[in-house]
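# Summary of structural features
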Amino acid sequence: MKIVTWNINGVRARIGNLLHWLTESAPDIVCLQEIKSADDQFPRLEIEALGYNVETLGQKGFNGVAILSKLPFDEVNRGLPGDDADDHARFIEGVFSIKDDKGKKTALRVVSLYLPNGNPIGTEKFSYKLAWMERLERWAAERLEFEEPMVLAGDYNVIPEAIDARFPENWVTDALFQPETRQAFRRLTSLGFTEAVRATTDAAGVYTFWDYQAGAWQKNNGIRIDHLMLSPEAANRLASASVEKHVRAWEKPSDHVPTAIELSLQAA
DNA sequence: ATGCCTGCGGTTCGCAGA
């Protein structure tokens, strides 16, 4: 089963790219971020026509997340618990039915998350980011008790290590590379999650984002900030992970590219 | 030191992004 995360930077501006990519990449489940669209403006009909079920948590103008799935949704949960005053659309969870090793029906949980950017540091934006990461950690710790295959996929806005940036020195004062940010990300690993790309390669130069400005793509001035965190039950079934870098060279690209995993499991 | 570029809202500039 192929599961992909992609910060699409405006689903309506990118609908042509999205439809082409869905046909080419043939994912089973897609986690989208920054759809920048209210739910009633989301271009669902074109996507449904390709055989996908669509669930969104949209917001007018910015943010917004969605899950597209060839599997039917058994359950959908919108919003990250822990702060009733938080009105940003950054979190949606879908639950699907799969077969376990013995052919018995069990649940697969997939989250599409858009973690706050947090810049500039020293402002309420950065404290919101860190608070959001604490809420995510608490939520994830509870979900791990289910002992189910689970994928927390999205734009984490976290550069985990220096190897994940072409020029790490450019990011030392940035919210994406602060020690507190990286430590909060590592706490997910401490809970028991496995980050899929680093589980499959130690290579440098694996990036998922290139800024639109200053020729960052042409200079390969990239960073790796889109991640898939796997529960133990999902990590045990990880067959491969890959970054679909070529999509960044398309006409009118998103500044992020799709990041994919293959899990050895079957829909029920 | 700053802007570089892009999408969106709502109008031709401001905000947000990373």
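Notes on the structure follow.

Definitions and limits used
Residues numbered from 1 in each chain as written. Chains lettered and ligands numbered in written order. Predicted model: local features only at pLDDT ≥ 70, side-chain atom pairs only at ≥ 80, totals over all residues. Helix = DSSP H or I, 4+ residues; strand = E, 2+ residues; numbered from the N terminus. Rg over C-alpha atoms; globule rule 2.2 N^0.38 Å. Buried ≥ 20, exposed ≤ 12 C-beta atoms within 10 Å, placed from the backbone. Contact = placed C-beta atoms within 7 Å. Pairing = 2+ DSSP bridges. Axes fitted to C-alpha atoms, helices over the stretch in contact; angles between N-to-C directions. Core = buried A, V, L, I, M, F, W, Y, C linked by C-beta atoms within 7 Å. Expected span 1.5 Å × (residues − 1). Arc of directions from axis to C-beta.

### With respect to the overall build of chain A
Assigned secondary structure in chain A consists of six helices and 15 strands. For chain A, whose C-alpha radius of gyration is 17 Å, the value lies close to the compact-globule estimate of 18 Å for 268 residues. With the C-alpha coordinates aligned to their principal axes, the bounding extent of chain A is approximately 50 × 40 × 40 Å. With 268 residues in all, chain A has 40% of them scored as buried. Taking as baseline every contact in chain A between residues at least 6 positions apart, the subset at least 24 positions apart corresponds to 68%.

### Things to note about the sheet that holds strand 13 (residues 238–243)
Across the sheet, which stays open at both edges, the six strands sit in the order 3-4-2-1-14-13 with mixed pairing between neighbours. In the strand order of this sheet, the two ends are held by strand 3 (53–57) and strand 13, each with one partner. Adjacent strand axes in the sheet meet at a mean angle of 15° when their direction is disregarded. As paired elements, strand 1 (residues 2–7) and strand 14 (residues 259–263) share four bridges and run antiparallel to each other.

### A closer look at unusual backbone geometry
The linkage connecting asparagine 119 with the following residue, proline 120, adopts the cis geometry, with an omega of -5°. With respect to the secondary-structure elements, proline 120 resides in the loop between strand 7 (105–114) and helix 3 (124–144). A positive phi is found at alanine 26, a non-glycine position, where the angle reads about 50°. Tracing the backbone shows alanine 26 in the loop between helix 1 (15–25) and strand 2 (29–33). For alanine 26, a count of 12 C-beta atoms within 10 Å translates into the label exposed. The backbone of alanine 214 sits at a positive phi, close to 60°, despite the residue not being glycine. With respect to the helices and strands, the residue alanine 214 is situated in the loop between strand 10 (209–210) and strand 11 (222–223).

### Observations concerning the nonpolar core
Residues Ile3, Leu32, Val65, Val110 and Val151 are the most contacted members of the largest nonpolar core, which totals 64 residues. With five residues, strand 7 is the largest single contributor of residues to this core. What valine 110 contacts, discounting residues up to four positions off in sequence, is Ile3, Ile29, Cys31, Ile67, Gly94, Phe96, Val151 and Ala153.

### Here's the deal with helix 3
In a regular helix each residue adds 1.5 Å, so 21 residues correspond to 30 Å; helix 3 covers 30 Å between its end C-alpha atoms and thus fits that length. Within the span of helix 3, buried status applies to Lys129, Trp132, Met133 and Leu136. Down the axis, helix 3 shows its buried residues gathered within 105° of arc, on one side only. Structural note: helix 3 exposes Glu124 and Glu142 on the side pointing more than 90 degrees away from its buried face.

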